Amino acid sequence: MAEKDISRRIFIKRLGTGVAGSGLALSQLSAAVSAGKDDDAGEKAPKDQVLLQLTVNGKAVRLHIPASLTLAELLRDRLNLSGTKVVCNHGECGACTVLLDGKAVYSCHILALDAAGKEVLTVEGLLKGEELHPLQEAFVKEDGLQCGFCTPGQIMSAYALLKQKPHPTPDDIREGMAGNLCRCGAYPKIAQSVLAAAKSNARAER
Amino acid sequence: MNQQFEYINPQSLDEAVKLAGQGSVYAGGTDLLGLMKNDIAHPQRLVNLKALPELKAVERQKGKGLRLGALVTLNELAENEMLQKDFPAISQAAGSAASPQLRNVGTLGGNLCQRPRCWYFRGDFDCLRKGGATCFAMDGENKYHCVVGGDGCYIVHPSDMAVALLALEAKLEIYGPGGQRLLPISHFYVLPEDDPTVETVLQPGEIITSVIVPEQPVGSRSVFVKFRERSAWDFAVVSVAAALQVQNGAISGGKIALGGVAPVPWLDKKLNNTLAGTALDENGINKIAASALTDAEPLEQNGYKVILARNMIKGVLQSLAG
Ligand SMILES: Cc1cc2nc3c(=O)[nH]c(=O)nc-3n(C[C@H](O)[C@H](O)[C@H](O)COP(=O)(O)OP(=O)(O)OC[C@H]3O[C@@H](n4cnc5c(N)ncnc54)[C@H](O)[C@@H]3O)c2cc1C
Ligand code: SF4
Ligand code: FES
Ligand code: FES
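Because the structure is predicted, anything quoted here is derived from the model rather than measured.

### Describing the overall build of chain A
When helices and strands are tallied, chain A shows six helices and five strands. In sequence order, the secondary structure elements of chain A are arranged as α-β-β-α-β-β-β-α-α-α-α. Relative to its 206 residues, chain A shows a buried fraction of 49%. Taking as baseline every contact in chain A between residues at least 6 positions apart, the subset at least 24 positions apart corresponds to 55%. Summing over all exposed atoms, chain A offers an accessible surface of approximately 10,300 Å²; the carbon and sulfur share of this is 52%.

Below, the structure is given as structure tokens:
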């Protein structure tokens, strides 16, 4: 076969960036070397690790990590906050959405070190004790999910949206949540859940 | 796959330049991390520009125009009310790029320097742009590839910002080991015939510090429109940016830039020569649209882009006329 004659099947097999892409986790790259300067109080970092300090769901966190760790890997694998899901690991689907200093970001597509000194809010951080956040409640009440795998990311995106626009129009919701895909296609009920949460917020304000 | 990298927060621009000589400049990371995950980039060192707050300013000085720091995020550009009012093409391009989450992180400088999205390039193919011997797109899946300016490699440049900035005749302030230089954005991108392995003229260690947009003449209007296959996030199939001056119903000056048609953000010569003096009525608009991409040589699957681009130009001119 000439090198150029690539069948469709081989073509698809060898693609790297589909939504269900085959991107390798960055932490599978072998260990990273630290800049070395970050350590305070003369504390020695383990080989190939860097000190990271940040706030996660209101709690101060301080730990040593390889530079190649993504924020999603930090949350899930090191801090056991597995509410944040990783689906594409490529910045394309939104399942891993968390808030970084109040803004929605894809946690799979930034490095944990990018969050140094900042505040991270994950879906776990929305709970008040046992009590669900109004957005979480709305998703349950309005059936805003099917398999539920995209839901934590949808909720975090909606949270960021409602913070900025407490009374969103359906268009605001479509635009504000365009970075979150749902493979079950539950979009109409997701939008309905966000609207319902906004309404119940408005009632609570009165 | 065996990569190691160090992550450094430089203390100054000079330190960043020195360190970047043997590493990669790292801004939001939304493109670079994708390239690393796909085994296309293997930087030894990431020089984190976010540590340099001086690159985050948006300033406007009388007579000097607009200065946008390279680290301003796409979302900051999209939401800036001054830009929405006086440079709408910039805020429209920023607001239509990627998704809300990526716009919160992705920066202007990174957007201009992102690498192409050609699926062979991003996938596991050793193509010409990666130093291999052939282009797989030329006779392969080339629906989204270029219709003009391709020579050996047929990418389209993916940056929406570059198209808007080209129409506005912006300049890039670049700082590097040899000092500072100011380069019109029309000289920043490299065609495959000159070098199929790079997209820009940036040398190792060089950093874009800001983008300078000249103040537009009175009576100017700018607009950016983008056609994508779905209304959620997607790259442009074709985009059109216009920054035009209109007097007494006719165009008196300005430029139209095209995205999604060429390996670089594209200033079609014939199209731009047809603008000045042409009336913005039906005849004039048809004449201008027909002058676009007359030298196009589409590949097997992408001839539709020529028609699409001409129709989008018509739409843009109609909106500026109305
Ligand atoms: C799913 C997805 C969809 C997207 N859709 C669009 C779209 O529709 N339209 C669009 O235009 N873009 C799109 N993008 C691209 C996105 O906008 C860019 O990835 C982003 O703007 C890059 O900015 P960054 O700061 O994250 O760059 P980084 O990833 O940090 O850097 C990108 C490159 O630029 C270099 N670099 C960064 N800053 C500088 C500087 N100041 N000087 C010199 N070199 C520098 C880096 O070394 C690197 O090579 C999309 C990306 C993804 C992942
Ligand atoms: S168009 Fe360019 S990047 Fe794509 S396969 Fe051909 S040579 Fe590679
Ligand atoms: S897991 Fe898909 S965007 Fe992060
Ligand atoms: S509910 Fe299944 S992916 Fe959204």
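### Re the nonpolar core
In this structure, I90(B) and L112(B) are the most contacted members of the largest nonpolar core, which totals 71 residues. In terms of residues, this core owes the most to one element, helix α12 (residues 304-321) of chain B, which gives eight residues. Taken domain by domain, the makeup of this core includes at least three residues from each of domain 1 (53-114 + 169-213) and domain 2 (220-321) of chain B. The next biggest cluster of nonpolar side chains, apart from the first, holds 47 residues, and it includes L52(A), L54(A), L71(A) and C118(B).

### Brief notes about the sheet that holds strand β2 (residues 24-26) of chain B
Residue and element names in this part refer to chain B. Taken in spatial order, the three strands make up an open sheet running β1-β3-β2, and their pairing is parallel. Each of the sheet's edge strands pairs with one partner strand only, and the pair in question is β1 (6-8) and β2. Each strand of the sheet is rotated relative to its neighbour by a mean of 30 degrees, with strand direction disregarded. Here β2 pairs with strand β3 (residues 45-48) via three bridges, running parallel. Residue pairing across strands places V25 opposite V47, the latter belonging to β3. In the packing of helix α1 (residues 13-20) onto the sheet, the strands contacted are β1, β2 and β3, and the crossing angle to β3 comes to about 165 degrees.

### Some words on the side chain of D268(B)
Residues and elements named next belong to chain B. Of note, D268 is situated in the loop between β11 (250-259) and α10 (269-275). Of the side chains with opposite charge, R310 comes closest to the buried, unpaired D268, at an N-O distance of 7.5 Å. Only 3.1 Å separates the side chain of D268 from the backbone nitrogen of K270, close enough to count as a polar contact. When residues no more than four places from it in sequence are discounted, the contact partners of D268 are S291, A292, L293, T294 and D295.

### So, the site of ligand 2
Near ligand 2, the surroundings consist of 13 residues, among which C118(B), C127(B), C135(B), C153(B) and Y154(B) are the closest. For the shell around ligand 2, the per-class residue count stands at 11 nonpolar, one polar and one charged.

### Considerations on the site of ligand 1
All names here are of chain B. In the vicinity of ligand 1, 34 residues are found, and the nearest of them are V25, G28, G29, T30 and T107. T30 has a polar side-chain atom sitting 2.6 Å from an oxygen atom of ligand 1. Contact distances for ligand 1 include 2.6 Å between an oxygen atom and a side-chain N or O atom of T107. Protein chains bury 96% of the 970 Å² of accessible surface belonging to ligand 1 in isolation. Of all the elements in the fold, those that place two or more residues in the shell around ligand 1 are β2, α7 (108-113) and β8 (207-213). If you tally residues by element for the shell around ligand 1, the top one is α7, at four residues. Of the residues contributing to the shell around ligand 1, the split by class is 17 nonpolar, 11 polar and six charged. Of the domains in this structure, domain 1 (53-114 + 169-213) and domain 2 (220-321) are the two that each give at least three residues to the shell around ligand 1.

### Some remarks on a nonpolar patch on the surface
All names here are of chain A. Residues L127, L132 and V140 make up a contiguous nonpolar surface patch of about 240 Å² in total accessible area. When you line up the elements, L132 lands in the loop between β5 (119-121) and α3 (134-141). Of the residues examined, L132 reaches a relative accessible area of 36% and is grouped as partly exposed.

### With respect to the environment of N57(A)
Here N57(A) shows up in the loop between β1 (50-56) and β2 (59-65). Those residues within four positions of N57(A) in sequence are excluded, and the remaining contacts are L81(A), V120(A), L121(A), T122(A), E124(A) and G125(A).

### Some points on the pairing of β2(A)
Residue and element names in this part refer to chain A. Summarising the sheet, β1 and β2 pair through seven bridges and their orientation is antiparallel. The residue bridging Q53 from the neighbouring strand is R62, located in β2. What sits between the antiparallel neighbours β1 and β2 is a turn of two residues, in which N57 has the positive phi angle 50 degrees.

### Regarding the pattern of salt bridges
Residue and element names in this part refer to chain B. Taken as a whole and judged by the stated rule, the model has 17 salt bridges over all chains. With a shortest N-O distance of 2.9 Å, R122 and D31 are connected by a salt bridge. Linking R122 in helix α8 (residues 119-122) with D31 in the loop between β2 and α2 (32-37), this pair joins segments that are 91 residues apart in sequence. On the basis of relative accessible area, R122 is assigned to the buried category, the value being 3%. On the basis of relative accessible area, D31 is assigned to the buried category, the value being 13%. Here R67 makes a salt bridge to E173, at a shortest N to O gap of 2.7 Å.

### Let's talk about unusual backbone geometry
Residues and elements named next belong to chain A. Despite not being glycine, N80 has its phi angle at roughly 55 degrees, a positive value. Tracing the backbone shows N80 in the loop between α2 (71-78) and β3 (97-100). Given the relative accessible area of 64%, N80 is considered exposed. Even without a glycine there, the phi angle at D101 is positive, about 45 degrees. With respect to the helices and strands, the residue D101 is situated in the loop between β3 and β4 (103-106). Taking the relative accessible area as the measure of exposure, D101 reaches 47% and is therefore partly exposed.

### What to know about helix α5 (residues 88-96) of chain B
The element α5(B) is largely enclosed, with a buried count of seven among its nine residues. Immediately downstream of α5(B), the backbone of A98(B) shows phi near 50 degrees, a positive value.

### Let's talk about the confidence of the model for chain A
Taken residue by residue, chain A gives an average pLDDT of 84. The fraction at 70 or more is 78%. Overall, residues 16-41 of chain A carries pLDDT values under 50, and its contacts beyond four positions in sequence, including any with other chains, amount to 74 contacts.

Analysis parameters
Residues numbered from 1 in each chain as written. Chains lettered and ligands numbered in written order. Predicted model: local features only at pLDDT ≥ 70, side-chain atom pairs only at ≥ 80, totals over all residues. Heavy atoms only, no water. Helix = DSSP H or I, 4+ residues; strand = E, 2+ residues; numbered from the N terminus. Buried < 20%, exposed > 50% of the residue type's maximum accessible area, 1.4 Å probe, protein only. Contact = heavy atoms within 4.5 Å. Areas by Shrake-Rupley, 256 points an atom, 1.4 Å probe, with all protein chains shown as cover. Core = buried A, V, L, I, M, F, W, Y, C linked by side-chain atoms within 4.5 Å. Domains from an automatic or database assignment. Pairing = 2+ DSSP bridges. Axes fitted to C-alpha atoms, helices over the stretch in contact; angles between N-to-C directions. Lys, Arg positive; Asp, Glu negative; His and termini not counted. Salt bridge = Lys/Arg side-chain N within 4 Å of Asp/Glu carboxyl O. Polar contact = N/O pair within 3.5 Å; in protein donor to acceptor, adjacent residues only side chain to side chain. Near = heavy atom within 4 Å. Nonpolar A, V, L, I, M, F, W, Y, C, P; charged D, E, K, R; others polar. Patch = residues over 30% accessible without salt bridge, like charges linked within 9 Å, V, L, I, M, F, W, Y side chains within 5 Å. pLDDT = per-residue confidence, 0-100.

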